[in-house]
Amino acid sequence: MNFKCLVVVLATSLTGSLCKAQTSVEVKEDFQASSLNQPGQQYPQVNSQGYARFRIKAPNVDSIRVTLGLGGRGGTKLIKGTDGYFSGTTEGPMDEGFHYYHLIVDGGIFNDPGTLNYYGSTRWESGIEIPAHDQDFYALKDVPHGNVQQILFPSKSTNTQRRAFVYTPPGYDKERSKKYPVLYLQHGWGEDETAWSNQGHANLIMDNLIAEGKIKPFIIVMTYGMTNDVKIGAGGLRNFKIDAFETVLTDELVPYVDANFRTVADRAHRAMAGLSMGGMETHLITLAKPDEFAYYGLLSGGIYTLAELKDKPKAKLIFLSCGSKENPDGVNKAATALKEAGHNAVSFISENTAHEFLTWRRSLKELAPLLFKD
């Protein structure tokens, strides 16, 4: 993996996804409240073209800028009206899907009081959802639902009690004799173990795929991917060492899950995948301990090379993905090279997305049906 390139990509993700180029089309006045707004809050709003509009009451404030907007233009500057409300609309349509953002109020950083908060960029950020044309696959539907539960597991290596979230599929609590494969699914830099459920809708993606008969049900385990303190800012990720987290995951969390959930506790029924930094962790851990996992997934998280895989147990699946605005050629070429050498490698490119959650939601949708097929 080109570690320097990955750091650049991750740094880009902290500022939010780049928006589409400014156009001269007329902005449609069909704005509706974002689906991620707090109860009763009408702003921010989104229209059918993907523009976002903001309105915030702050009569004693001089300036407000929203960190969402066209790439490189400093976000969206809100204009103060005589009624004390600041308002403004993004200069162009946003990429479809979920976006983190915050407000810069007279130079200070604050969250938008109208929205729910999501942990990303190493802090709780405001969130907005630009409806995607294919959002049906992660929509909340009238289908049987699995359960996402919090677990606290002991970690002797860090001398702490650590947290993870576990998705169990519909029917898990009724079919007491049935055992399930497990996917260990990691979040990205600046996020935590809540990301895949809250921002990624992993549980809803699974519920819908199971209801459609497209996948074999399995358990998903999501835990915090950091054990050491890393300074925020330039070079922070370079200080991250995988060894401590590798111990937590493979020596402590995996045995705990196998002891407390009905799992098929062997390599052939265990997968690891992650987005961005979680892909980097997946890459390093699966290479260091190839006897632990049989399925690998790097979602905007780099690639595997033939040299790295030489003389190691062959994975049942190597899944590589990214957005079309990231490095699609590199991902496709890597998968092709692996396939030509006899590996079961699959690539997926999310159209019209960058380093953002719609890329990773789509990637999970494509990955899940390929897991645990035999």
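The structure displayed is predicted, hence computed values, not measured ones. (Residues numbered from 1 in each chain as written. Predicted model: local features only at pLDDT ≥ 70, side-chain atom pairs only at ≥ 80, totals over all residues. Heavy atoms only, no water.)

A. Structural context of the nonpolar core. Core analysis: the biggest nonpolar cluster contains 41 residues, and Tyr184, Val221, Leu253, Tyr304, Ile318 and Leu320 have the highest contact counts within it. If one sorts the elements of this core by residue count, helix α4 (residues 242–260) sits on top with seven residues. Residue contacts for Ile318: discarding those within four places in its chain leaves Tyr296, Tyr304, Leu309, Leu338, His343, Asn344, Ala345 and Val346. Core analysis: the next-biggest nonpolar cluster, separate from the first, contains 39 residues, Tyr100, Tyr118, Ala195 and Phe372 among them. (Core = buried A, V, L, I, M, F, W, Y, C linked by side-chain atoms within 4.5 Å. Buried < 20%, exposed > 50% of the residue type's maximum accessible area, 1.4 Å probe, protein only. Helix = DSSP H or I, 4+ residues; strand = E, 2+ residues; numbered from the N terminus. Contact = heavy atoms within 4.5 Å.)

B. Here's a closer look at the environment of Thr336. Here Thr336 lies in helix α7 (residues 328–340). Looking at Thr336, the relative accessible area reads 35%, which means it is partly exposed. Along the primary structure Thr336 and Ser347 are separated by eleven residues, whereas in three dimensions their C-alpha atoms are 8.3 Å apart. Within the local environment of Thr336, its side chain forms a polar contact with the backbone oxygen of Asn332, the two atoms lying 2.9 Å apart. (Polar contact = N/O pair within 3.5 Å; in protein donor to acceptor, adjacent residues only side chain to side chain.)

C. Structural context of the sheet that holds strand β11 (residues 123–130). A sheet is described by the order of its strands in space; here three strands give the open sequence β7-β11-β10, paired in antiparallel fashion. The open sheet has two edge strands with one neighbour each: β7 (97–101) and β10 (117–120). Across this sheet, the average inter-strand angle for adjacent strands is 50 degrees, counted without regard to direction. As judged from the four bridges shared by β10 and β11, these two strands associate in the antiparallel manner. Bridge assignment links Gly120 to a residue of β11, and that residue is Arg123. Against the sheet, helix α8 (residues 357–367) contacts β7 and β11, and its axis sits at roughly 140 degrees relative to β7. (Pairing = 2+ DSSP bridges. Axes fitted to C-alpha atoms, helices over the stretch in contact; angles between N-to-C directions.)

D. Broad picture of the packing of helix α3 (residues 202–211) against α8. Close contact between α3 and α8 brings their axes to 10 Å; oriented N to C, the two are set at 35 degrees. Judged by the sense of rotation from one axis to the other, the crossing of α3 with α8 is right-handed. From α3, Ala202, Ile205 and Leu209 reach across to α8, where they touch Arg361, Leu364 and Lys365. When the residues that make up the contact of α3 with α8 are grouped by side-chain class, the tally is four nonpolar, no polar and two charged. (Left-handed = near helix turned anticlockwise from the far one by under 90°. Nonpolar A, V, L, I, M, F, W, Y, C, P; charged D, E, K, R; others polar.)

E. View of α7. Over its 13 residues, α7 runs 18 Å from end to end, which matches the ideal 18 Å to within 8%, given 1.5 Å per residue. Within α7, the full set of buried residues consists of Pro328, Val331, Ala334, Ala335 and Leu338. One side of α7 holds all its buried residues, which, seen down the axis, span an arc of 140 degrees. For α7, the exposed residues set more than 90 degrees away from the buried face come down to Asp329, Lys333 and Glu340. Each element contacted by the buried residues of α7 is listed here: α6 (306–309), β18 (317–323) and β19 (345–350). Taken from the residues just after α7, Gly342 is the one with a positive phi, measuring 100 degrees. (Expected span 1.5 Å × (residues − 1). Arc of directions from axis to C-beta.)

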